[in-house]
Each structure stands twice: as structure tokens, then as C-alpha cells.
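Structural features, examined
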Amino acid sequence: MTYDLLVAGGDVIDPGAGLKGAMDVGIAGGKIVAVAPHLPHAEARRTISAKGLLVAPGLVDIHAHVFVNAHDMGGHTDHFCRHSGVTTLCDAGSTGSSNFAGLRQVIDESVRTRIRAFVNLSAIGITGTSRGGELAHFPYADPEGCARTIGENPDLAIGVKLRYGPGLVWEYTTEPVKLARRTAAMAGVPLMIHITDSPIPLPDILAEMAPGDIVTHCYHGRANGIMGEEKQFVLKEVVEAQRHGIIFDCAHGRNHFNFRMIEKALDQGFLPDTISTDLTLTSATRGPVWDLATTMSKLLHFGLPLDEVIRRATAAPAKILGYEGTVGTLRPGANADLALIELRDGRFELTDSDGDTITARRRLITRTTIKDGRITYERPAD
Ligand SMILES: [Zn+2]
């Protein structure tokens with residue numbers, strides 16, 4: 001038998017690899033070994049039909065939280081990931097130098113999704129307390145510890161995380177950004193900055209960032225976003241920053257995804273580089289996020305073409321996470337991670353983080369998730 005599993009007759013869509021059209025995907029030893037029209041079914045131990053479904057690389061969520069039971073942002077991420085076709089995700093700074101070992105233990109013991117993580121500049125990480133953020137108290141900043149943690153965990157840690165917002169940093173100047181950038185330079189990794197409701201203008205933050213660094217929550221509707229205070233046009237400094245290689249990630253979350261901002265930004269040609277959820281236990285179980293396929297459906301509704309939606313939730317984040325060619329792609333040789341997705345027509349009420357609702361005419365619904373060649377989720381017929 002040439003194939004352990006054959007995914008037959010689906011509409012392959014992998015813009016990152018330039019694959020598109022009716023094709024079979026052959027899997028052996030947990031890897032993709034062939035993508036072509038009409039692979040021999042007799043050569044497969046098992047064949048599943050993907051007729052009428054999109055066959056995409058397993059989805060990659062670059063901003064979520066998995067530190068279960070340690071703060072309100074943790075969740076049984078495996079559960080939600082599998083249900084939406086996510087096979088790889090990145091924990092966006094739930095922990096810092098003092099509790100990263102706890103995150104690793106959770107991942108080793110109870111998470112089957114492939115994981116990477118940003119390490120918080122704050123030693124205590126995101127504790128989820130209402131008594132002030134992780135860097136409201138300056139002594140919690142631990143640049144050396146953060147860089148050391150990244151150095152000691154090369155299989156897991158891929159960047160530095162800073163949340164810049166009211167009550168989250170010790171002073172409302174560019175000093176916290178500068179310290180985070182120096183830390184990232186020390187560790188030789190990119191920096192991810194949360195920017196929602198920033199007390200200082202976004203261009204001031206961008207001026208301290210380097211190509212490859214990531215702005216997360218780029219479509220928030222609070223103060224000092226990509227359109228400044230007028231909220232009409234994407235700031236020229238933002239357009240310039242993206243042109244110079246700063247990555248804009250749209251991490252949805254409970255507070256960071258505003259339909260009016262998205263509509264205007266897309267109309268003006270400002271596209272997110274990556275699509276992510278900022279998934280937490282609360283936003284997965286009570287909305288408005290639910291899962292990555294739902295966030296992707298919202299961008300589809302506002303006119304981002306399907307190919308571009310898929311690319312930004314597969315190849316684009318995989319590259320940033322250091323998985324280029326092995327994850328987020330259907331190229332032969334890659335890990336056999338696949339999402340079989342229905343593009344369903346109908347009327348779907350979808351809500352943003354600020355309570356705005358739209359009626360979408362199409363929605364992406366994951367029907368089957370495959371990770372490392374094994375089926376990890378099958379949606380019941382409905
Ligand atoms: Zn987050």
C-alpha cells in the first residue's frame with residue numbers, strides 16, 4: 001500500500017503552495033506524499049471522500065491562549081482547535097520567565113495541537129487579574145529572564161510578547177516598547193505587541209519596531225488604532241510599516257475585532273497579514289470568537305477573497321512560526337495536517353467584539369480535521 005490515507009475528490013486550496021483544483025491527497029507515515037488528480041484508490045489503506053469540500057492545509061492560529069487553569073485565558077484548546085481544523089497554534093505570551101515551565105508541562109501532558117509560544121516580557125505573564133496588568137508594576141519586567149527562557153526552549157519559544165494598553169504597562173511612553181525590542185534582539189526573535197486602546201499613538205509604537213515584528217489586534221475599534229483618532233483612513237505610517245515588513249495580525253478576541261474598522265481597512269486595501277483568534281476559554285464558549293473558521297468567515301464576508309483568507313490562516317502564520325514547508329502547506333513532504341471545510345451558503349448572524357452583527361451569506365464550517373495523518377475530528381452530519 002502506497003498510502004495510509006487518501007483524501008479523495010475534494011477541492012484542494014493551498015494558495016501558499018500554488019495548489020488549486022479537484023485533487024486527491026495521498027498520506028503515508030504522517031506526511032503528505034502526493035497531491036494530484038486521481039491517485040489510485042486501490043493503493044490506499046483507507047480512502048475518505050472530500051467531495052464538495054475544500055481541502056486546505058491544517059489551519060494555523062498564531063494568537064491563542066492555552067495555559068489551562070492558570071488564568072481565565074486558558075482553555076481546553078485541543079477541543080476547539082480540532083473542531084475548527086486548527087492543527088497548529090501559538091500561545092501569545094500567557095507566561096513569562098517565572099511560569100513558562102508550567103505552560104510547557106500543560107502542553108506536554110494535555111495538548112495534542114502542535115504548539116509554539118511567545119514569552120511575555122513580564123516575568124509573571126498574563127495573570128488575568130483585574131488588579132492591574134502584568135507590566136503595570138515595573139519590577140515584573142524581566143528582559144534577561146525572557147531572553148534566557150527563549151534560549152532554553154528553542155522547540156517552543158519563538159518570540160517576545162508585550163501587551164501595550166491602559167493599565168498594562170508601567171508608563172505611557174515608548175520605554176516599554178523599547179525594552180521589549182531590546183529583549184527580542186537579545187534573544188534573536190521577533191516581538192509581538194498587543195495594541196488595543198493604546199494610550200499613545202500607534203505610529204510611536206511602530207517607530208520602535210523592526211521588520212518581522214508583529215502588531216496584534218490590528219482591527220480593534222478602540223483608541224489609537226490603525227486609523228488614529230479619526231477612524232476614517234489607515235494611517236500612512238501603518239501602510240509604510242507593513243510595506244517594511246511589520247506584520248499585522250488581526251487576533252479577534254473579546255475586545256479587538258470591529259466590523260466597521262475591518263470594512264474600511266479592506267476597502268482601502270489594508271489587509272491583515274495573518275488571521276487569528278486570540279482564543280480563550282470564555283471567547284470560545286460564549287463567543288463572539290467561537291473558533292478560527294468563524295473569524296475567517298467574517299473576513300470573507302467583508303470581501304477578503306477565499307484564497308487570501310486561507311493563505312493568512314495557513315502558510316503565512318506557519319512561516320512566522322518557523323514551520324515554512326512543513327506546516328500550513330499541502331506540498332509533498334509536509335506534515336499531513338489537513339482541514340476539510342464546507343463553504344456553506346445560507347444566512348449566518350456573526351458578531352464582532354463590540355456587539356455589531358452582520359448577516360453573512362457564506363460560512364466556513366470545518367467537517368474533518370487531520371493531524372499528522374490521523375483523523376482527529378469529524379463533524380456529525382447536520
Ligand atoms: Zn491574546
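Heads up: these notes are all about the structure in this document. Residue positions are given per chain, counted from 1 along the sequence in the order it is written. The model is predicted, so local features are restricted to residues of pLDDT at least 70 and side-chain atom pairs to those at 80 or more, both for listing and for counting; the totals for chains, interfaces and linings are taken over all residues. Side-chain numbers come from the whole structure's heavy atoms, not from hydrogens or water.

Strands here mean DSSP runs of E at least two residues long; helices mean DSSP runs of H or I at least four residues long; both are numbered from the N terminus. A tally of regular secondary structure across the protein chain gives eleven helices and 15 strands. The globule rule used for comparison is 2.2 Å times the number of residues to the exponent 0.38, while the radius of gyration itself is calculated over C-alpha atoms. Relative to the compact-globule value of 21 Å for 382 residues, the protein chain shows a C-alpha radius of gyration of 20 Å, a close match. Along the three orthogonal principal directions, the C-alpha set of the protein chain runs to about 65 × 45 × 35 Å. Counting all 382 residues of the protein chain, 60% fall into the buried class. Residues count as neighbours in contact if any of their non-hydrogen atoms are within 4.5 Å of one another. Restricting to contacts in the protein chain with at least 6 residues of sequence separation, those with at least 24 account for 72%. Carbon and sulfur atoms make up 49% of the accessible area of the protein chain, which totals about 14700 Å². Charged-residue counts in this description rest on Lys and Arg as positive and Asp and Glu as negative, His and the chain ends being excluded. Charge coordinates come from a single atom per side chain, which is NZ of Lys, CZ of Arg, CG of Asp or CD of Glu. Distance between charge centres in the protein chain, computed from 39 positive and 45 negative side chains, equals 4 Å. The rule is simple: take the accessible area with a 1.4 Å probe, protein chains only, and divide by the maximum for that residue type; under 20% is buried, over 50% is exposed, in between is partly exposed. In this description, accessible areas are obtained by the Shrake-Rupley approach with a 1.4 Å probe, and a residue is regarded as covered only by the protein chains that are shown.

Before going further, it helps to spend a moment on unusual backbone geometry. A negative phi angle is the norm for most residues apart from glycine, just as the trans form is the norm for most peptide bonds. Across the junction of Gly 287 and Pro 288, the peptide omega takes the value 0 degrees, indicating a cis bond. Tracing the backbone through its elements, the reader meets Pro 288 in the loop between α8 (281-285) and α9 (292-301). Residue Asn 224 is not a glycine yet carries a positive backbone phi of 55 degrees. Structurally, Asn 224 can be placed in the loop between β11 (214-216) and α6 (236-243).

It is worth spelling out the coordination of the zinc ion at this point. Listed as protein donors to the zinc ion are His 63 (NE2), His 65 (NE2) and Asp 278 (OD); their distances from the metal cover 2.0 to 2.2 Å. The donor definition counts N, O and S atoms within 2.8 Å of each metal and applies 3.2 Å to Na, K and Ca; water is not among these atoms, so some sites may look incomplete. Each donor residue of the zinc ion lies on the same chain, and together they follow the pattern H-x1-H-x212-D. Separated by 213 residues along the polypeptide, His 65 in the loop between β6 (59-64) and α1 (77-84) and Asp 278 in the loop between α7 (259-267) and α8 bring together distant segments of the chain. The exposure class of His 65 is buried, given its relative accessible area of 2%.

Quick look at the pairing of strand β15 (residues 374-378) now. Pairing of strand β14 (residues 357-371) with β15, which is carried by four bridges, proceeds in the antiparallel orientation. The residue of β15 that forms the bridge with Lys 371 is Arg 374. What sits between the antiparallel neighbours β14 and β15 is a turn of two residues, in which Asp 372 has the positive phi angle 50 degrees. Here the rule is simple: two strands pair whenever DSSP picks up at least two bridges between them.

A pair of cysteine sulfur atoms is labelled a disulfide when the two atoms are within 2.5 Å. Applying the stated criterion across every chain, the model contains zero disulfides. Cysteine Cys 90 is unpaired, with the sulfur of Cys 81 as its nearest cysteine sulfur at 12 Å. According to the relative accessible area criterion, Cys 90 is buried, its value standing at 0%.

Only centres within 6.5 Å qualify two rings of Phe, Tyr or Trp (six-membered ring in Trp) as a pair; their planes then separate them into stacked at under 30 degrees, edge-to-face at over 60, and tilted for everything else. Under the criterion given, the structure shown has four aromatic pairs. With a centroid separation of 6.5 Å and an interplanar angle of 75 degrees, the aromatic rings of Phe 257 and Phe 259 are classed as edge-to-face. There is no split in this pair, since Phe 257 and Phe 259 are both buried. By way of ring pairs, the aromatic residues Phe 257, Phe 259 and Phe 302 are connected into one cluster.

Pairing within the open sheet is parallel, and its seven strands lie in the order β6-β7-β8-β9-β10-β11-β12. Looking along the sheet, the strands with just one partner apiece sit at the ends: β6 and β12 (247-249). Shown here is a sheet whose adjacent strand axes are inclined to one another by a mean of 25 degrees, direction ignored. Summarising the sheet, β6 and strand β7 (residues 86-92) pair through four bridges and their orientation is parallel. Looking at the pairing, Leu 59 lines up with Val 86 of β7. Axis angles are defined between N-to-C directions and span 0 to 180 degrees, where every axis is a line fitted to C-alpha atoms and, for a helix, only to the segment in contact.

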